[in-house]
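Commentary on secondary and tertiary structure
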Amino acid sequence: MASTNYRNLIENLYEGLLYVDKDERIKYWSKGAEKITGYPSSEVFDKQYSQDFLCPIDVNGKKYFGNSSLFFNTIANGTLKQFELLVTHKDGHKIAISTRIAPMYDSKDRVVGATQLFTDNKDHLEHLIDDSEEYQQSFFDPITKLPNHVSIEMSIDAKLSEFRRYNRPFGVLLIEIDDYEKLNNIYGDELKINILTEVSKLINKDLRPFDIAGRCSDSEFAIILVNVREDSVEMIGNRVRDIVEKAEFTIGKGMIDLTISVAGIIATPHDTNKILIEKLRESTEKSYGMGGNKFLLWSAVE
């Protein structure tokens, strides 16, 4: 029953989802992928992604098929990748997509393939083509390479719109680095370059391919969690907190202990991105006031 429910959940995603094995052969192609690209699952199953039927390219014309595989680094090194691409629809026209590539592991923690989650981004096609460099600078954090606060706010707005139209619930986590100001005064740029980059990797490591992580401010990260309940938000929030607490952070010739305060919330149809972030900041401040290194689920009741 659980397996059936999980499959139904995936099949009803508005986004497209595909899975490739280590040979980059497509082993799963969702209904969302069919709708966005025009290709039915029967035509692409077991087809090698490098056979360039979608011909993904970026706005500068760089190809991500054939010898420049979209999945190569993820399968080889287990790295997460995010792209803004143009792909070829079955009927021949170009469509813009936002896509995220994530590794898939077996029980022995070996990479066995990769998933690609992608969203039709056609409304921004002209902007991407004309202002691609400006787009990257405007929507991605230059240090962590994660979506920045503008991108996160836009994503929350999009999820709120989906929630109101299709009743697709979602949650948000806000992550505040404990004692960030003190650490920044001591380590400066080295903290930003080494520690923030490592924290961003840890936050991204165990996320599902359709969740979105970003950097909201100097000391804050956010994660948008799709199709979750309060217990799932709490479980993921505590897992992220635990991962960071147990991690070893090297800075200069020594190591530092680092903890985070994490707050979680389930969105309501009446929320806005600003209201959600304000609510979450209330909880991270409360957590820090209690000594930090805690997860708190936001509640209107004190």
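In short, a report on the structure. (Residues numbered from 1 in each chain as written. Predicted model: local features only at pLDDT ≥ 70, side-chain atom pairs only at ≥ 80, totals over all residues. Heavy atoms only, no water.)

Structural notes on the sheet that holds strand β11 (residues 260–266)
Filter applied, for reference: In this scheme, strands are said to pair when DSSP sees at least two bridges between them. In DSSP terms, a helix is any run of H or I states spanning at least four residues, a strand is any run of E spanning at least two, and both are numbered starting from the N terminus. To obtain an axis, a line is fitted to C-alpha atoms, over the contacting stretch when the element is a helix, and the angle between two such axes runs from 0 to 180 degrees between their N-to-C directions. Any pair of residues with heavy atoms lying within 4.5 Å of one another is described as a contacting pair.
Spatial strand order, β7-β8-β6-β11-β12: five strands in an open sheet with mixed pairing. Each end of this open sheet is capped by a strand with a single partner; those strands are β7 (212–215) and β12 (295–297). Geometrically, the sheet is characterised by an average inter-axis angle of 15 degrees between neighbouring strands, direction not taken into account. Where β11 and β12 come together, three bridges link them in parallel fashion. Note that in β12 the partner of glycine 264 across the bridge is leucine 297. Of the strands in this sheet, β6 (170–177), β7 and β8 (220–226) are in contact with helix α9 (residues 189–205), which crosses β8 at around 15 degrees. The strands touched by helix α10 (residues 230–246) are β6, β8, β11 and β12; relative to β11, the strand with the most contacts, the crossing angle is about 165 degrees.

Overview of the packing of aromatic side chains
The test is simple: Only centres within 6.5 Å qualify two rings of Phe, Tyr or Trp (six-membered ring in Trp) as a pair; their planes then separate them into stacked at under 30 degrees, edge-to-face at over 60, and tilted for everything else. Buried means the residue's accessible area, taken with a 1.4 Å probe over protein chains only, is under 20% of the maximum for its type, while exposed means over 50%, and partly exposed covers the values in between.
Here the structure, examined in full by the defined rule, presents four aromatic pairs. Relative to phenylalanine 118, the ring of tryptophan 29 lies with its centre 6.5 Å away and its plane at 50 degrees, an arrangement referred to as tilted. Taken together, the positions of tryptophan 29 in strand β2 (residues 26–29) and phenylalanine 118 in strand β5 (residues 111–120) put the pair 89 residues apart, joining distant regions of the chain. By relative accessible area, tryptophan 29 is classed as buried at 4%. A centroid spacing of 5.0 Å and a plane angle of 90 degrees characterise the contact between tyrosine 49 and phenylalanine 71, whose relative ring orientation is edge-to-face. Of this pair, tyrosine 49 sits in the loop between α3 (41–44) and α4 (72–77) while phenylalanine 71 sits in the loop between α3 and α4, and the two are 22 residues apart along the sequence. For the pair tyrosine 49 and phenylalanine 71, one class covers both residues: buried.

Some points on the environment of leucine 183
Tracing the backbone through its elements, the reader meets leucine 183 in helix α8 (residues 180–187). A sequence separation of 73 residues divides leucine 183 from isoleucine 256, and the C-alpha atoms of the two residues are 9.5 Å apart. Contacts of leucine 183, omitting those with residues within four sequence positions, involve Asp178, Gly188, Leu191, Ile256 and Leu258.

Focus: the pairing of β2
Here three bridges tie strand β1 (residues 16–21) to β2, and the two strands are oriented antiparallel to one another. Its bridge partner lying in β2, tyrosine 19 is registered against tyrosine 28.

Topic: the pairing of β5
Along any regular strand the residues' side chains alternate between the sheet's two faces. Counting buried positions over the 10 residues of β5 gives seven, a clear majority of the element. Relative to β5, β1 runs antiparallel, the two sharing six bridges. Of the residues in β5, the one forming a bridge with glycine 16 is phenylalanine 118. Note: strand β4 (residues 94–105) against β5, nine bridges, orientation antiparallel. Considered in β5, the bridge of serine 98 is made with threonine 119. The hairpin turn running from β4 into β5, its antiparallel successor, is five residues long, and aspartate 109 in that turn takes a positive phi close to 65 degrees.

Side note on unusual backbone geometry
Leaving glycine out, the prevailing phi sign among residues is negative, and the prevailing peptide bond configuration is trans. Positive phi outside glycine occurs at aspartate 46, with the angle close to 70 degrees. Relative to the assigned elements, aspartate 46 resides in the loop between α3 and α4. Residue asparagine 293 is not a glycine yet carries a positive backbone phi of 55 degrees. By secondary structure assignment, the location of asparagine 293 is in the loop between α11 (273–289) and β12.

Considerations on α9
We apply this condition: Helix span is expected to be 1.5 Å times the residue number reduced by one. One axis is fitted to the seven residues ending at the residue and one to the seven starting there. The bend at that residue is the angle between these axes.
Here α9 contains 17 residues, and its C-alpha end-to-end distance of 24 Å stays within 8% of the 24 Å for a straight helix at 1.5 Å per residue. Along α9, the sharpest kink reaches roughly 25 degrees, centred on isoleucine 195. Of the positions making up α9, those classed as buried are Leu191, Ile195, Leu196, Val199, Ser200, Leu202, Ile203 and Asn204.

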